[in-house]
Number of protein chains: 2
Amino acid sequence: MKESTTKKLLKERKLRITTVRNEILSIFNDRNYALSFYDLEKELKTKFDTATIYRTINTFVENNIIHQIPLESKTAYYALNSVLEEDENSRKEHIHFLCRICRRTYCLENVIIKDLKINKNFRLESLKIIAEGVCDNCGAIS
Amino acid sequence: MKESTTKKLLKERKLRITTVRNEILSIFNDRNYALSFYDLEKELKTKFDTATIYRTINTFVENNIIHQIPLESKTAYYALNSVLEEDENSRKEHIHFLCRICRRTYCLENVIIKDLKINKNFRLESLKIIAEGVCDNCGAIS
DNA sequence: TTTTATTTTGCAAGTAACTTGCAAATATAA
DNA sequence: TTATATTTGCAAGTTACTTGCAAAATAAAA
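Residues numbered from 1 in each chain as written. Chains lettered and ligands numbered in written order. Predicted model: local features only at pLDDT ≥ 70, side-chain atom pairs only at ≥ 80, totals over all residues. Heavy atoms only, no water.

**Student:** Explain the packing of helix α2 (residues 19-30) of chain B against helix α4 (residues 50-62) of chain B to me, and be specific about the residues and the numbers.
**Tutor:** Residue and element names in this part refer to chain B. Interaxial distance between α2 and α4 falls to 10 Å at its minimum, and their mutual angle equals 70°. Here α2 lies roughly perpendicular to α4, going by the angle between them. For α2 against α4, the interelement crossing comes out right-handed. Of the residues in α4, those in contact with Val20, Arg21, Ile24 and Leu25 of α2 are Thr52, Ile53, Thr56, Thr59 and Phe60. (Axes fitted to C-alpha atoms, helices over the stretch in contact; angles between N-to-C directions. Helix = DSSP H or I, 4+ residues; strand = E, 2+ residues; numbered from the N terminus. Parallel < 35°, antiparallel > 145°, perpendicular 65-115°, else oblique. Left-handed = near helix turned anticlockwise from the far one by under 90°. Contact = heavy atoms within 4.5 Å.)

Structure, rendered in structure tokens:
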């Protein structure tokens, strides 16, 4: 991701432009799958402190730049919000697809869910879907 | 839950029948929503050690008696498997419904999902769905 | 552009949520 | 009812974060 793009994004949220923030945003933007703290640490090992990376992740979540993905793993995973999700009031639902081969988690937009009939007397307001299977990349290899 | 029922369940899995196991199973059976370690601890505080409760939870997950529910919270939540889920080969998908008022998580069976169109080249094998909204109980009160 | 105010960072220490090792207690098998 | 195997309690350990505080970096004001 171009530095000018990350800077613009930070400025919009009235967040100070710093090196960690630029670099973490850039890493998120270069992947099309979700990242954990350890994924980020791998790339930023020597440059920044553990606490700084955690604090940056938290700042990004609070400012609607990334979202946490509910998986059964102990460590939290995060992915960039799509443009549609940036406005909290019009958050678009999407599917998280976990590949059982590479263990990567992708955000899939444009998945159509029709006719979800939930038990009566339960009022449905939003949905989070975790799909499991084989991703396009792993499917092509095998 | 009757003690004879919990004993039968444990015997089927070739697990030794112990007091913690009976009591934890019984607590799960008395609720229709998911429980965390802290929910269990509240009831079993004085009787059993922390490590014992955690070990019992893990034993139950390994033996397909309960399942972990993927939520964004830091602490794991667990619920009893339904009879249909007991056989690992015919695990039935169901929805987890998180009530935004009481924060309880219910397993809803019999939810019909039609026509989920996922991106091509992603091979879908299973689905986990976390619904949010208002449960029957909280809906009735308000 | 320099000064001032505010926020962010690094380091070390702290906390929450579990897990493990080991000897004693308990459950099942012989 | 003794022998074998598993489970439990206690204490210590680990993992995944979080917090306090002084120093450094960023942005706003002059």
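**Student:** For the protein's contact with DNA strand C, give the residues involved together with the corresponding values.
**Tutor:** Not every one of the 20 residues close to DNA strand C is listed here, only the nearest: Thr18(A), Val20(A), Arg21(A), Thr52(A) and Tyr54(B). Each atom of DNA strand C within 4 Å of the protein was assigned to sugar, phosphate or base; sugar and phosphate come to 70%. Separating a phosphate oxygen of DNA strand C from a backbone N or O atom of Asp49(A) is a distance of 3.2 Å. A distance of 3.5 Å is found between a sugar or linking oxygen of DNA strand C and a side-chain nitrogen or oxygen belonging to Tyr54(B). Where the surface near DNA strand C is concerned, the elements lending two or more residues are α2 (19-30) and α4 (50-62) of chain A together with α4 of chain B. No other element matches α4(B), which puts four residues into the surface near DNA strand C. Of the residues contributing to the surface near DNA strand C, the split by class is eight nonpolar, four polar and eight charged. (Near = heavy atom within 4 Å. Polar contact = N/O pair within 3.5 Å; in protein donor to acceptor, adjacent residues only side chain to side chain. Nonpolar A, V, L, I, M, F, W, Y, C, P; charged D, E, K, R; others polar.)

**Student:** Give a detailed account of the packing of helix α1 (residues 3-12) of chain A against α2(A), specifying residues and quantitative values.
**Tutor:** All names here are of chain A. At their nearest, the axes of α1 and α2 sit 9 Å apart, and the two run at 110° to each other. By the angle class used here, α1 and α2 are roughly perpendicular. Here the hand of the crossing between α1 and α2 comes out right-handed. Along its contact with α1, which presents Glu3, Thr6, Lys7, Leu9 and Leu10, the element α2 presents Arg21, Asn22, Leu25 and Ser26. Residue classes in the contact of α1 with α2 are distributed as three nonpolar, three polar and three charged.

**Student:** How would you summarise the packing of aromatic side chains if you had to cite specific residues and measurements?
**Tutor:** Overall, the coordinates contain 10 aromatic pairs over all chains when judged by the stated rule. Arranged with centres 6.3 Å apart and planes meeting at 75°, the rings of Tyr33(A) and Tyr106(A) form a pair that is edge-to-face. Taken together, the residues span a long stretch of sequence, with Tyr33(A) in the loop between α2 and β1 (35-36) and Tyr106(A) in strand β5 (residues 105-108) at a distance of 73 residues. Of the two residues, Tyr33(A) and Tyr106(A), neither departs from the other in class, the shared state being buried. On the numbers, 4.0 Å between centres and 5° between planes, the contact of Phe37(B) with Tyr54(B) is stacked. Note that Phe37(B) is positioned in helix α3 (residues 37-44) and Tyr54(B) in helix α4, a separation of 17 residues in sequence. A relative accessible area of 5% means that Phe37(B) is categorised as buried. Residue classification places Tyr54(B) among the partly exposed positions, given a relative accessible area of 37%. Here the aromatic residues Tyr33(A), Phe97(A), Tyr106(A) and Phe122(B) are joined through ring pairs into a cluster of three or more. (Phe/Tyr/Trp six-rings, centres within 6.5 Å; stacked < 30°, edge-to-face > 60°. Buried < 20%, exposed > 50% of the residue type's maximum accessible area, 1.4 Å probe, protein only.)

**Student:** Outline the protein's contact with DNA strand D, supporting the account with residue identities and numerical values.
**Tutor:** The environment of DNA strand D is made up of 20 residues, and the closest members are Arg16(A), Tyr54(A), Thr18(B), Arg21(B) and Thr52(B). Atoms of DNA strand D within 4 Å of the protein belong to the sugar or the phosphate in 71% of instances, the rest to bases. In this structure, Asn58(A) approaches DNA strand D through a side-chain N or O atom, which is 3.1 Å from a phosphate oxygen. Going through the elements one at a time, α4 of chain A together with α2 and α4 of chain B are the ones with two or more residues in the surface near DNA strand D.

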